[in-house]
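Letter by letter, the chains look like this.
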Amino acid sequence: MVDYHAANNQYSSGGAQTYMEQENDWDRDLLLDPAWEKQQRKTFTAWCNSHLRKAGTQIENIEEDFRDGLKLMLLLEVISGERLPKPERGKMRVHKINNVNKALDFIASKGVKLVSIGAEEIVDGNAKMTLGMIWTIILRFAIQDISVEETSAKEGLLLWCQRKTAPYKNVNVQNFHISWKDGLAFNALIHRHRPELIDYDKLRKDDPVTNLNNAFEVAEKYLDIPKMLDAEDIVGTLRPDEKAIMTYVSCFYHAFSGAQKAETAANRICKVLAVNQENEHLMQDYETLASALLEWIRRTIPWLENRNPEKTMSEMQQKLEDFRDYRRVHKPPKVQEKCQLEINFNTLQTKLRLGGRPAFMPSEGHMVADINRAWHTLEGAEKGYEEWLLNEIRRLERLDHLAEKFRQKASIHESWTDGKEAMLTQKDYETATLSEVKALLRKHQAFESDLAAHQDRMEQIAAIAQELNELDYYDSPSVNARCQKICDQWDCLGALTQSRRESLQKTEKVLESIDELYLEYAKRAAPFNNWMESAMEDLQDMFIVHNIEEIQSLIHAHEQFKSTLPDANREREAIQAFHAEVQKIAQHNGIKLSGINPYTTITPQSIDSKWEQAQKLVPQRDKALQEELRKQQSHDNLRRNFAEQANVVGPWIQNKMEEIGTISIEMIGTLEDQLTNLKEYERSIVDYKPNIEQLEGVHQHIQEALIFDNVYTAYSMEHIRVGWEQLLTTIARTINEIENQILTRDAKGISQEELYEYRASFNHFDKKRSGQMVSDDFRALLISTGNSLGDAEFARIMGIVDPNNTGTVTFQAFIDFMSRETTDTDTADQVIASFKILAADKNFITAEELRRELPPDQAEYCIARMAPYTGPDAVPGALDYMSFSTALYGESDL
């Protein structure tokens with residue numbers, strides 16, 4: 001049906017027009033032509049019912065059903081959209097007259113001059129007056145608002161009919177009576193607007209009844225225009241009733257003009273829905289990318305937090321290689337995804353602001369800040385994992401060194417103790433002569449000296465075993481068992497030594513001293529022998545150094561040791577000369593010696609043998625130290641190589657960061673020029689990446705060489721990586737800001753000069769040149785643009801430009817605010833009004849109406865999201881378009 005409400009509101013009782021005076025001048029005494037009266041009754045009754053059915057009622061007899069004034073008042077409420085005074089429900093004549101008077105007063109208030117029509121005639125069922133009143137209502141609410149090329153009402157309606165039917169043969173509309181008798185004009189109107197409903201070429205001018213019935217049936221079935229005329233009455237009347245024809249034709253005008261409004265409304269809704277659908281796709285894409293990135297971080301952090309050490313160096317080296325693979329292969333794409341995620345988020349927020357939509361709030365845990373926190377946690381775990389790997393490798397290297405040292409000292413000690421228990425437990429002194437016993441006693445004293453000299457080695461063995469336990473050496477049980485065996489054996493040797501000494505001392509009174517020469521030999525040979533063994537241990541001792549200074553210290557110590565060799569050689573020659581003197585005295589005195597020194601097991605041959613062995617170990621030690629010196633020099637070259645490149649790359653990255661900061665606050669050229677320059681600048685930065693990769697290669701060599709410090713540079717590879725990632729992210733963000741400024745400029749119609757003015761003002765008050773300003777500076781900026789701000793107004797503006805309450809305002813937020821203050825966007829009220837047109841003025845809309853007026857995909861989009869309508873006038877399948885429209889603009893949940 002047709003909406004008359006919009007037109008009704010354009011008129012008031014003070015500005016009444018008189019175009020209907022002639023039509024309203026209803027002669028009380030003039031009798032209607034019976035044929036005309038019949039046509040008017042049918043037409044006016046059908047016209048009234050077309051509106052009353054909206055209220056769920058109808059009339060049967062036009063002069064009888066309006067007598068009590070109730071349905072008359074209801075009719076006026078339906079066609080005007082306004083509330084009339086409450087009717088009186090009494091059955092008395094005075095109640096009916098009062099109700100009719102309320103209806104007539106309402107008609108008069110709309111600028112209609114009622115002539116010769118009183119409430120009493122309506123109550124008395126005067127058909128002529130009732131028809132005249134209905135005609136007055138039709139003129140006011142159905143015809144008065146028709147306007148075509150500065151003509152209105154009847155003339156406007158006639159001109160509209162002439163224009164619409166002009167192209168059709170056999171149609172010449174000159175009036176509202178005989179021009180319509182053949183039915184072709186009705187069919188031409190329908191065909192002009194809905195050509196698919198009528199095959200006009202098959203109509204014949206000589207068959208008016210068929211033509212009329214065809215038009216009436218099509219209008220009722222497809223255009224929702226009730227049948228108000230009978231074809232036979234029109235054809236059988238010399239001059240059809242003009243008022244009946246005008247009433248029926250006005251329904252066609254409103255039906256087709258309503259279709260144009262519906263098309264406009266549908267276009268508006270399509271535009272709004274298209275924006276909303278695109279925004280929803282962007283939101284879904286953000287959620288998907290954020291979920292994937294957070295899931296990757298969630299899976300990666302436990303791996304980086306795993307601190308289960310491996311037992312061997314090769315296994316830990318494999319862990320380090322896996323970590324390098326993660327750094328080179330797996331992490332860089334995720335850095336790019338994180339940067340893209342922030343760019344998508346900023347672009348979506350800009351589109352939402354430009355469209356007047358509320359800001360996008362990601363699901364819980366998917367905010368950009370949440371992703372940044374998770375990323376920070378990932379990088380913390382990454383740094384901790386790398387430190388743990390390097391420390392663990394150092395620990396294993398130290399463990400291997402200590403374990404080898406333990407085995408070497410243990411083997412030497414076990415070799416020395418071999419046979420000592422048997423020697424200490426023998427009873428040779430029981431059958432020995434006095435001289436032999438004295439010799440045994442002295443021999444035992446020499447053994448005790450030797451035993452004391454080995455105490456230091458015992459303590460070293462125990463200390464090394466203890467350190468291996470503290471460092472959690474994987475083979476600690478075997479080390480502990482071996483150390484315990486050595487300690488137990490040492491304790492046993494101590495007890496056996498004391499027991500043998502007591503036995504020898506007990507028989508000493510009956511024994512003679514032995515040759516002093518043997519004794520002196522034994523006393524001097526034992527410490528010298530121990531010194532040689534210690535020297536050989538030192539010459540074969542493994543060493544580990546980390547820099548040139550440490551290896552040079554070892555070389556210096558070795559040189560000092562070599563300087564003592566002449567003195568040691570003289571001591572050896574003195575000991576050998578002492579033994580030679582024994583042989584000389586024995587030979588000189590004819591004494592037959594047994595060939596064995598009774599006081600020591602150290603023979604001159606063993607001394608010479610160990611001395612020769614020590615002489616061979618010295619050059620071997622020299623060679624090992626020189627090889628290590630060359631290795632440390634090579635490491636130092638690696639450090640210098642890395643430092644030379646890092647000291648170039650580090651400042652380059654820092655300078656580029658400063659240049660980007662300068663570019664972001666300066667406006668040189670148009671936004672497109674700035675965007676082009678920034679992208680070229682970005683490509684120049686990306687072209688620098690081979691230098692980073694080259695530095696990564698040098699750093700890999702350093703790590704493979706187990707170099708853990710570098711005194712030649714303050715830049716570590718981690719610093720370079722973080723700086724490079726921040727540089728790429730910063731240039732990408734700066735480009736995104738310029739793109740968003742272009743979006744804002746194009747969407748809001750901001751000129752380049754206005755953008756320059758905004759940027760100049762913003763830079764003037766951005767004292768820190770950081771691209772963000774605090775609230776006090778922002779307030780000063782607004783005042784400088786001519787705004788007089790109170791605290792409440794400034795608080796409102798800050799709520800717009802700083803919704804997250806960070807205390808700072810970006811340039812993008814500033815231009816969004818300035819453009820919002822000067823441009824208009826679609827509102828929820830406009831969308832509601834558009835839906836109301838599509839719904840034919842109902843408070844709800846049906847799926848069938850949506851599918852008829854909107855494109856298929858957007859119609860289904862609305863149907864899926866609209867809630868069922870539950871108002872008192874609801875019908876099956878009714879949908880609530882009001883709450884749906886407000887939800888599009890964030891005023892309620894969709």
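All values reported here derive from a predicted model rather than from experimental measurement. (Residues numbered from 1 in each chain as written. Predicted model: local features only at pLDDT ≥ 70, side-chain atom pairs only at ≥ 80, totals over all residues. Heavy atoms only, no water.)

**Overview of the pattern of salt bridges**
- As enumerated under the stated definition, the model contains 53 salt bridges in all.
- Its salt-bridge partner being Glu 414, residue Arg 482 comes within 2.9 Å of it at the nearest N-O pair. One end of the pair, Arg 482, is in helix H19 (residues 476-507); the other, Glu 414, is in helix H15 (residues 368-417), with 68 residues separating them in the sequence.
- The class of Arg 482 is partly exposed, set by a relative accessible area of 24%.
- A residue is classified by how much of its surface remains accessible, and Glu 414, at 29% relative accessible area, is partly exposed.
- In this structure, a network of salt bridges that share partners links the residues Arg 327, Lys 331, Glu 379, Glu 382, Glu 386, Glu 696, Glu 718, Arg 721 and Glu 725. (Salt bridge = Lys/Arg side-chain N within 4 Å of Asp/Glu carboxyl O. Helix = DSSP H or I, 4+ residues; strand = E, 2+ residues; numbered from the N terminus. Buried < 20%, exposed > 50% of the residue type's maximum accessible area, 1.4 Å probe, protein only.)

**Focus on helix H34 (residues 881-888)**
- Counting buried positions along H34 yields six of eight residues, so the element is predominantly enclosed.
- Those residues of H34 that sit buried are Tyr 881, Phe 884, Ser 885, Thr 886, Ala 887 and Leu 888.
- Measuring from the side-chain oxygen of the N-cap residue of H34 to the backbone nitrogen of Met 882 gives 3.1 Å; that N-cap residue is Asp 880. (Polar contact = N/O pair within 3.5 Å; in protein donor to acceptor, adjacent residues only side chain to side chain.)

**Let's talk about helix H29 (residues 791-801)**
- Within H29, the full set of buried residues consists of Phe 794, Ile 797, Met 798 and Val 801. Projected down its long axis, H29 carries its buried residues within an arc of 100 degrees, all on one side. (Arc of directions from axis to C-beta.)

**Details of the packing of helix H31 (residues 828-838) against H34**
- Where H31 meets H34, the closest approach of the two axes is 9 Å, and the angle between their N-to-C directions is 150 degrees. Judged by the angle between their axes, H31 and H34 are roughly antiparallel. Our pair here, H31 against H34, has a crossing hand that is right-handed. Counting all contacts with H31, which are made through Ala 828, Val 831, Ile 832, Phe 835 and Lys 836, the residues of H34 involved are Tyr 881, Met 882, Phe 884, Ser 885 and Thr 886.
- Taken together, the residues that form the contact of H31 with H34 break down as seven nonpolar, two polar and one charged. (Axes fitted to C-alpha atoms, helices over the stretch in contact; angles between N-to-C directions. Parallel < 35°, antiparallel > 145°, perpendicular 65-115°, else oblique. Left-handed = near helix turned anticlockwise from the far one by under 90°. Contact = heavy atoms within 4.5 Å. Nonpolar A, V, L, I, M, F, W, Y, C, P; charged D, E, K, R; others polar.)

**A short note on the side chain of Asp 880**
- Assignment of secondary structure puts Asp 880 in strand S6 (residues 879-880).
- Lys 836 is the oppositely charged side chain nearest to the buried, salt-bridge-free Asp 880, at an N-O distance of 10 Å.
- Polar side-chain contacts of Asp 880 include one of 3.3 Å to the side chain of Ser 883.
- Not counting residues up to four positions away in its chain, the partners in contact with Asp 880 are Met 866, Ala 867, Pro 868 and Tyr 869. (Lys, Arg positive; Asp, Glu negative; His and termini not counted.)

**Observations concerning the packing of aromatic side chains**
- In this structure the tally under the stated criterion is 30 aromatic pairs.
- Taken together, a centroid distance of 4.8 Å and an interplanar angle of 45 degrees make the contact between Trp 180 and Phe 186 tilted. The pair Trp 180 / Phe 186 is uniform in exposure class, with both members buried.
- Both rings, one in Phe 835 and one in Tyr 881, keep their centres 5.7 Å apart while their planes meet at 25 degrees; by these two values the pair is stacked. Separated by 46 residues along the polypeptide, Phe 835 in helix H31 and Tyr 881 in helix H34 bring together distant segments of the chain.
- On the accessibility criterion, Phe 835 (0% relative accessible area) is buried.
- Look at Tyr 881 and you get buried, because its relative accessible area is 0%. (Phe/Tyr/Trp six-rings, centres within 6.5 Å; stacked < 30°, edge-to-face > 60°.)

**Considerations on the side chain of Thr 237**
- In this fold, Thr 237 is placed in the loop between helix H12 (231-235) and helix H13 (242-305).
- Residue classification places Thr 237 among the buried positions, given a relative accessible area of 11%.
- A polar contact of 2.5 Å, which involves the side chain of Thr 237, links it to the backbone oxygen of Asp 233.
- The residues touching Thr 237, leaving out its near neighbours within four places in the chain, are Ala 35, Trp 36, Gln 39 and Lys 181.

**Details of the nonpolar core**
- Formed by 79 residues in total, the largest nonpolar core has its most connected members in Trp 47, Ile 137, Trp 180, Phe 186 and Phe 252.
- In terms of residue count, helix H8 (residues 127-143) provides more of this core than any other element does, 11 residues in total.
- Judged by nonpolar contacts, the second largest core, of 52 residues, contains Trp 296, Phe 360, Leu 396 and Ala 410. (Core = buried A, V, L, I, M, F, W, Y, C linked by side-chain atoms within 4.5 Å.)

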